[in-house]
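Listed here are the chains, written in short residue letters.
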Amino acid sequence: QVQLVESGGGLVQAGGSLRLSCAASGIRLSIKSMGWYRQGPGKQRELVAAITSTSGTTYADSVKGRFTVSRDTAQNTVLLQMSSLKPEDTAVYYCHTLTVTNFNYWGQGTQVTVSS
């Protein structure tokens, strides 16, 4: 059974930091990339950051310089360090895993709320 277990969301004041963690288990295929998407109130789900099996990274323009994605390949874990948080970062954050066969797995989501 595939599981993506997320942790680390919560409420933080603007300018603060949070770290999200996601551990993937039960995925039998090789993983091409892991990362995070988010969906704010009334908005579509969007890519926040992703990291490939060769450590290439991609970031949304809105988070560049503030968020850092990292991965423990052996543990199938992906982290998102978020700093200088803004109210517009408020969203449900979803862990995402893409296999080498381009199959997508999603976590249940964790709420991040940034107060002004």
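Data block above holds the structure.
These lines cover the structure that appears in this document, whether it is placed above or below.

What counts as what
Residues numbered from 1 in each chain as written. Predicted model: local features only at pLDDT ≥ 70, side-chain atom pairs only at ≥ 80, totals over all residues. Heavy atoms only, no water. Helix = DSSP H or I, 4+ residues; strand = E, 2+ residues; numbered from the N terminus. Contact = heavy atoms within 4.5 Å. Salt bridge = Lys/Arg side-chain N within 4 Å of Asp/Glu carboxyl O. Buried < 20%, exposed > 50% of the residue type's maximum accessible area, 1.4 Å probe, protein only.

Some remarks on the environment of Gly10
- Secondary-structure assignment places Gly10 in strand β2 (residues 10-13).
- Sequence separation between Gly10 and Ala50 is 40 residues, and the spatial gap between their C-alpha atoms is 21 Å.
- Every residue in contact with Gly10, bar those within four places of it in the chain, is listed here: Leu18, Gln111, Val112 and Thr113.

Quick look at the pattern of salt bridges
- Under the defined criterion, the tally for this structure stands at 4 salt bridges.
- For Arg38, the salt bridge identified is with Glu46, shortest N-O distance 2.8 Å.
- Judged by relative accessible area, which is 33%, Glu46 ranks as partly exposed.
- Its salt-bridge partner being Asp89, residue Arg38 comes within 3.0 Å of it at the nearest N-O pair. Of this pair, Arg38 sits in strand β4 (residues 31-39) while Asp89 sits in the loop between β8 (77-82) and β9 (91-99), placing them 51 residues apart in sequence.
- When its relative accessible area of 5% is taken as the criterion, Arg38 is described as buried.
- Salt bridges linked by common partners bring Arg38, Glu46, Arg66 and Asp89 together as one network.

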